[in-house]
Structure formats: structure tokens, C-alpha cells
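Here are the chains, one letter per residue:
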Amino acid sequence: MKRYSAFAIAREGLRQHTGWERAWASPEPKSSYDVIIVGAGGHGLATAYYLGKNFGITNVAILEKGWLGGGNTGRNTTIIRSNYLQDSSAAIYEKARSLYETMSQDLNYNVMFSPRGVMMLAQTQHEIRGYQRTAHANALQGVSTEFIGPEQVKKLVPIINIDGPRYPVLGALWQPRGGTARHDAVAWGYARACSDMGMHVIQKCEVTGIRREGDKVVGVDTNRGAIDCNKLGVVVAGHSGQLADMAGFRLPLESVALQALVSEPIKPCMDVVVMANTVHGYMSQSDKGEMVIGGGTDSFNNFTQRGSFHHIEETVRALVETFPMISRLKMLRQWGGIVDVTGDRSPILSKTPVDGMFVNCGWGTGGFKAIPGSGWGFAELIAKGDSPLCDEFSMFRFREGKFIDESVAAGVAH
Amino acid sequence: MLILHCPYCGVDADETELHAGGEAHVKRYGPGSSDAEFESYLFVRENPKGVHFERWRHANGCGKWFHAARCTSTLEVFGTYSAQTTEPPQEIKDKISAKRPGWSWREFA
């Protein structure tokens, strides 16, 4: 793999850009691999990358039904934060956030990580107490956050209206080292690094069945033929239930549509991410100038990758009250993704009843921020059979009552 | 926008008037049941891509709970029926069979 660098740009600039090579290969599937990962989104590709980097396992195929990063990896609002309450959540999300800091150098691919700061507004007395508690918990967990007052909120976000009639801004939980990254670049960067290690990233390859011998997984059937494997990692978000069904077990998940939208591009006006959970809306400004707005989930099971319009109305109504200057903006695009939600709103990174088969799912409405940490832990789980980052996130915790009771979602009160 | 017909008051209500209540026909377990049974009752759900049966409440209307048969991959509604039953009525099952031959959902088909 040729490295990307300022020198490479200069070199290619002098020869009509004829020397760039494809970022990743598109090989035909082999008949057998040590590990097959189903799903070439951020979490699947990160898992494969750390299998190779941390454990030297490179005889790996990553199978993708559609195109690389075309699911929720390309549909989220790119927010990265780790200000969670429970220790097990803080550990995996903070691992992820810290890996994002060095990801561009690590992958030699610019993922445009922008640690611009994430602010979660407190707009009720209850929220003030909740966020102060989180800030204290974060201090003990080694996650840098603080509770700030309304004056400081106004100073960081001049366009905000802190004296709203219904929900005045009373303070905020502030994580200065959170931020955003370019979501597609995360998938592309991992895919390029995996391909460079000799792994096979195979797109348009849909898994149609999971083959077992007794209790052990031995391979998958796909629309491009049967492929054998020793271990199987399923990282398919909204369709996890379908894959579990093929293997003969059920998961404590339901799939719903979550939507987001962007405005027309405007000049830079807000250089932090703001989440307003009481009124339910969150917003940041992309490098292109669009205001990126996250909406709510539908309340019913849905696989259509589009959400109900009234959620947009509710979200925008709340944000217009908090940011009066956006009231005249036009909406440019709106889209939905299918997110898999668990009973306690925390993810599942787990062994399964099928020997050699592992699942990484249940990230619900907040998976993008966790991609590198999730891949790091899940690779360890696949390679070694257990992982300190994943142990608490077992799919069997629901039977045992060991919930990780976290409003993971979009930080939205449940 | 999902529009469901309330079988009690007869109104065609859109989803802002309704409250989704999750999977229908869930078997409830009580004292003396195993951990696995409680898990299946409380947390494990069908989550099909296709035919699904759900509970809905006409929250901003007559207030009654009812059941709906719906396709989660197209949002097509096959019909709604009374909540005072343990399985979908034959008429709705026939309607689904006409549109989705070979469908099955838990023990129903």
C-alpha cells in the first residue's frame, strides 16, 4: 500500500494524479477463512482491523450485503463522546474516543476527527442533578467532563437562547474532548488498512444461511457460494435478529428507524456539538456548513430506512426554540437508518449459544462513537474467548438481570 | 405516516394519535417460572423483517388497546383486531396469506 502524505499529493500533482492506487482490493471469496465477519460497517471493519493488528489474525473475510459503510455507518450524525454513567459503558466508549484521537495517524487515512467538544444541555432541575452525577462518575472513571453553568454555555455557543420560555438552559455537561469525525472515512480507512493486511473485503455478498455441525459454526452460505470459517463474527446492526434466526437462536433486540437531517449550508456559526435531551434534538455544524440534526426513533418495528415525518417536526420545533436563528433554514436532506435496540439500551458484544459464533449488536441509536472501542474489544473476544471491555455486555445478562442501565441511545431520557 | 383503524371506536387514526405497545400475543410467565421463561417474556422479541403482530393503544382517542397485523419491511397494514384474543383472527391470517404466501410468525402461519 502506498502511504498517503503531503509528498504523495505533490508527486501525484506533478503527474496528473495517475499514480493513485485503489484504496482496497475487491477479491473473489476464497472457500475458507479463519474468521468471517458479517457486515462491513464501521464496527465490522474495526473488528477485522484489530484482529489483524492486535492478534495477527489476517486470514479474514469481511462480507457485506450492500456496499461498504452504506448502513448506519453512513447514516449517523457522527458525534463522538464518552460521558456515560456506568463503568462498563464509560470504559468501552472512552477507549473508542481515545482511539479516535490517533486514528488518522494509525490508519494513514484522514478521518477528520474534530475534538470540538460535546455539550449536553440541562434544561430541568432533574437534568442538572443527573448530569452532575454523571460528571462525578466520569471523574472517578478517568473521563474528562465537567458541569458548566448557563453563562459558560452562552459563551461557547453564542447562537443559543438560554432564556427559552419553556425550557431555559440551566447548565450543561461539557466534554471538551468529544467531537465529530467523518463517518465514511472511518469505514474507508479501516477497509484500506484491512485490505493492506491481506484481508478480503467482499461487497455485494449477502449471507443467506449459517452452517453448523452440532453446536459449532462451520461456515456461511452466501449469494456467492458457501464459505467455511472457524469463527464467525456477526456485526449487522438492524439485521442481527435475522442472522441469529439463521443460526437458530433469538436476541433480545428490536429494530426501529432512527432519522437525521441536514439543513442547507451556512457560514460557520457553532463550533461545538449541542445535545438537548429534554426537548430531544441535537445539532452540530459540518465542515460543509450544513447543520446536522439528529431526530428521534419510531416507536414501532421498522426496516424501511425512513422514519415518520412527525419526528422531524418535533425535533426541529425544539431546536428552533433553543436556536432561534435556524428558524429560516431550509432542510436539504433527510434519511433513516435501522437501529437495533436492546432492553437496557446498552449494546451486546457476546458469545452465543453457537460455538465459534459471536455477535456485536444492540448499539441502538449511538454506535458510531463506539466503533474503534467496539472493534478493539470484539476482536479480543473473538481471538481469546473473553475481553475485559466486552464481558459485561453479554447477551445473557438479560436472563441474569445484570443490566447496564444506561440511556445510551442519543443520551435521551427513557 | 402509519394509519391504523381502531376496531373499537372505528376511527382511522394516524400514528401521532396512537401509542405503540410492542409485540402482541406475548406469553406471560408468573411465579415459579424459569429464568429463560422470564427472559423470553420480558426481553426476547420476534423482530421480524416482514409480517408482524403488535399491540397499539388509541391513546389520544378512545383509549382502548387493540392489535395490528403489519409488514415491517413495507409498512403495509394487513388489518387491526380486538385485543381480547390470544391469536390473530382467521380472516386476517387469510388476508396475509394472500399477500405473503408462506408467511409464519411464532406458532401462527
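Calculation notes
- Residues numbered from 1 in each chain as written.
- Chains lettered and ligands numbered in written order.
- Predicted model: local features only at pLDDT ≥ 70, side-chain atom pairs only at ≥ 80, totals over all residues.
- Heavy atoms only, no water.
- Buried < 20%, exposed > 50% of the residue type's maximum accessible area, 1.4 Å probe, protein only.
- Helix = DSSP H or I, 4+ residues; strand = E, 2+ residues; numbered from the N terminus.
- Pairing = 2+ DSSP bridges.
- Domains from an automatic or database assignment.
- Contact = heavy atoms within 4.5 Å.
- Buried area = accessible area lost by both parts, 1.4 Å probe.
- Salt bridge = Lys/Arg side-chain N within 4 Å of Asp/Glu carboxyl O.
- Nonpolar A, V, L, I, M, F, W, Y, C, P; charged D, E, K, R; others polar.
- 1 Å grid on protein atoms, 1.4 Å probe; cavity = no way out; pocket = protein on both sides within 12 Å on 5 of 7 lines; lining within 4 Å.
- Points joined across faces, edges and corners; volume = space filled by probe spheres on them.
- Phe/Tyr/Trp six-rings, centres within 6.5 Å; stacked < 30°, edge-to-face > 60°.
- Lys NZ or Arg CZ within 6 Å of the ring centre and 35° of its normal.
- Axes fitted to C-alpha atoms, helices over the stretch in contact; angles between N-to-C directions.

So, on to the pairing of strand β5 (residues 65-71) of chain B. All names here are of chain B. Within β5, 6 of the 7 residues are buried, which leaves the element mostly enclosed by the surrounding structure. Pairing analysis gives 7 bridges linking strand β4 (residues 51-57) to β5, with the strands arranged antiparallel. Counted as the bridge partner of F53 is A69 from β5. Of the pairings in the sheet, the one linking β5 to strand β6 (residues 77-82) comprises 5 bridges and is antiparallel in character. Counted as the bridge partner of H67 is Y81 from β6. The antiparallel hairpin formed by β5 and β6 contains 5 residues in its connecting segment, where L75 sits at a positive phi of about 70°.

Before going further, it helps to spend a moment on the domain arrangement of chain A. Residues and elements named next belong to chain A. Along its sequence, chain A is organised into domain 1 (30-78 + 183-252 + 344-410) and domain 2 (115-178 + 255-341). Using C-alpha coordinates to define each centre, domain 1 is positioned 29 Å away from domain 2. Taken together, the contacts link 17 residues of domain 1 with 19 residues of domain 2. Taken over both partners, the interface formed by domain 1 and domain 2 buries close to 1400 Å², and the fraction arising from carbon and sulfur atoms is 54%. For the interface between domain 1 and domain 2, the tally reads 0 salt bridges. Across the side of domain 1 that touches domain 2, the residue classes tally to 5 nonpolar, 10 polar and 2 charged.

With a probe scaled to a water molecule rolled over the atoms, the places where space remains empty come into view. Residues and elements named next belong to chain A. Per the counting criterion, the structure on display carries 2 cavities of 30 Å³ or more. Volume-wise, the largest cavity comes out at about 50 Å³. What lines the largest cavity is Q123, N161, G164, Y167, V279, A318, E321 and T322. When grouped by side-chain class, the residues that make up the lining of the largest cavity number 3 nonpolar, 4 polar and 1 charged. When its volume is computed, the second largest cavity comes out at roughly 30 Å³. As for the second largest cavity, its lining consists of K2, R3, Y4, R11, G19, W20 and E21. Residue composition of the lining of the second largest cavity, by class: 2 nonpolar, 1 polar and 4 charged.

Next up on the list: the interface of chain B and chain A. Each partner contributes residues to the interface: chain B has 24 residues there, and chain A has 24 residues. Surface buried jointly by chain B and chain A totals about 2100 Å² across both partners, of which 53% is contributed by carbon and sulfur atoms. When the area that chain B buries against chain A is broken down by residue, the three leading residues are B:F43, B:N47 and B:K49, summing to 31%. In this structure, the salt-bridge partner of B:E39 is A:R399, at a minimum N-O distance of 2.9 Å.

This brings us to the packing of aromatic side chains. Under the definition given, this model contains 17 aromatic pairs over all chains. Here B:W105 and B:F108 contribute two aromatic rings whose centre-to-centre distance is 6.0 Å and whose plane-to-plane angle is 15°, an arrangement assigned as stacked. Assessed through its relative accessible area of 6%, B:F108 is described here as buried. Put simply, the rings of A:Y49, A:Y50, A:Y190 and A:W376 pair up and form one aromatic cluster. Here the basic side chain of A:R192 rests over the ring of A:Y4, its NZ or CZ set 3.7 Å away from the ring centre.

Attention shifts here to the sheet that holds β5(B). Residues and elements named next belong to chain B. The strand order across the open sheet built from 4 strands is β3-β4-β5-β6, with neighbouring strands paired in antiparallel fashion. Unpaired on one side and paired on the other, β3 (19-23) and β6 mark the two borders of the sheet. The average angle at which neighbouring strand axes cross in this sheet is 30°, direction not considered. Across the sheet, helix α2 (residues 90-99) lies against β4, β5 and β6, angled at about 170° from β6, the strand it touches most.

For the rest of this paragraph, the subject is the pattern of salt bridges. The full count for this structure, using the stated rule, is 25 salt bridges over all chains. Taking the shortest distance from any N to any O, the salt bridge between A:E12 and A:R15 comes out at 2.6 Å. Given the relative accessible area of 36%, A:R15 is considered partly exposed. Between A:R250 and B:E46 there is a salt bridge whose closest N-O contact spans 2.3 Å. Residue A:R250 is located in the loop between α8 (240-247) and β12 (253-263), and its partner B:E46 is located in the loop between α1 (35-42) and β4; the two belong to separate chains. Note on A:R250: relative accessible area 38%, which makes it partly exposed. Linked by salt bridges that have partners in common, A:E94, A:R97, A:E101 and A:R177 make up one network.

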